[in-house]
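Overview (structure and organization)
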Amino acid sequence: RVTYLSVLTKENLISGRLLSEEEKADIEFAATSYSAEKKACEYLARAEQCRYKLTQKLLCKKYTLDSINVALDFLESKNLLSDRRYSYLWLRSRVSSKAEGRLRLKAELIARGIKSSIADSVLNDFLEEYSEEELCKRALQKVLSKGLSDDKIQDTLFRLGFSYKIIAKIKDNI
């Protein structure tokens, strides 16, 4: 991609023209960045990815961090890569199998390389659609089936990421 060039311009790319070392390095960087972009697209074609995990995968393929960042910036500008979209889809998948609260879900997103501000924003949107109280009720039903004491139930729900306020509200309504 010409957009990956920083020294050369499209007009300077003339057949038969001798290139300086700096221009050769610029073309090599652009080629490496384009290769990283294509590899990233292969991963994205299989499944939604977050920037952090995609960066780690590309580093394992021996791309330079600079070429990865340029390629991923390009993919983000085309909305082919989105941490926000990844986070929302991950949350939807996660709550379908596990009932966890805001605190735990946020910690899990951050562990996947999602920025705290993005995690907060996506969680706010997500929890408008999926009630945290309903998630807590689901978790409580599972915990109650284990026959734990009241203190253990509260501790377990707290470890699952529910606030004491939500836990108290749900327990009061039983």
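Residues numbered from 1 in each chain as written. Predicted model: local features only at pLDDT ≥ 70, side-chain atom pairs only at ≥ 80, totals over all residues. Heavy atoms only, no water.

1. Here we look at the packing of helix 7 (residues 132–144) against helix 9 (residues 164–172)
How we decide: Orientation is described by lines fitted to C-alpha atoms, with helices fitted over the stretch in contact, and by angles between N-to-C directions that extend from 0 to 180 degrees. For helices the rule is a DSSP run of H or I covering at least 4 residues; for strands it is a run of E covering at least 2, with both sets numbered from the N terminus onward. Roughly parallel covers angles under 35 degrees, roughly antiparallel covers those over 145, roughly perpendicular covers 65 to 115, and oblique covers all other angles. Handedness of each helix crossing follows the sense of rotation of the near helix against the far helix: counterclockwise by less than a right angle gives left-handed, clockwise gives right-handed. Here, two residues are considered to be in contact whenever any of their heavy atoms come within 4.5 Å of each other. Each residue receives one of three labels: charged for Asp, Glu, Lys and Arg, nonpolar for Ala, Val, Leu, Ile, Met, Phe, Trp, Tyr, Cys and Pro, and polar for the others, Gly being one of them.
The N-to-C vectors of helix 7 and helix 9 enclose an angle of 65°; their axes lie 10 Å apart at closest approach. Taken together, helix 7 and helix 9 sit at an angle that is classed as roughly perpendicular. Seen from above, helix 7 lies across helix 9 with right-handed handedness. Residues Glu-132, Glu-133, Cys-136, Lys-137 and Leu-140 of helix 7 touch helix 9, and the partners they reach there are Ile-166, Ile-167, Lys-169 and Ile-170. For the contact of helix 7 with helix 9, the residue count by class is 5 nonpolar, no polar and 4 charged.

2. Examining the confidence of the model for the chain
Here is the rule we go by: You can read pLDDT as the predictor saying how much it trusts each residue, on a scale of 0 to 100.
The predicted model of the chain has a mean per-residue pLDDT of 93, with 99% of residues at 70 or higher. The least confident element of the chain is helix 9, whose mean pLDDT is 89; the most confident is helix 2 (residues 51–60), at 98.

3. Section: unusual backbone geometry
Just so we agree on the cut-off: Three labels apply to residues, based on accessible area from a 1.4 Å probe with only protein chains included: buried if under 20% of the type maximum, exposed if over 50%, partly exposed otherwise in between.
Unlike most non-glycine residues, Lys-62 shows phi in positive territory, near 75°. Locating Lys-62 in the fold gives a position in the loop between helix 2 and helix 3 (65–77). Positioned with a positive phi, Asn-79 is a non-glycine residue whose angle comes to about 60°. Relative to the helices and strands, Asn-79 resides in the loop between helix 3 and helix 4 (83–97). On the basis of relative accessibility, which here comes to 47%, the residue Asn-79 falls in the partly exposed class.

4. Comments concerning the side chain of Glu-132
Quick reminder of the rule: In this tally, Asp and Glu contribute negative charge and Lys and Arg positive charge; neither His nor the terminal groups of the chain are included. Salt-bridge detection follows one rule: a side-chain nitrogen of Lys or Arg within 4 Å of a carboxyl oxygen of Asp or Glu.
Structurally, Glu-132 is set in helix 7. Despite its burial, Glu-132 pairs with no opposite charge; the closest candidate is Arg-102, at 4.3 Å N-O. In contact with Glu-132, not counting residues within four places along its chain, are Gly-101, Arg-102, Leu-127, Gly-161, Phe-162 and Ile-166.

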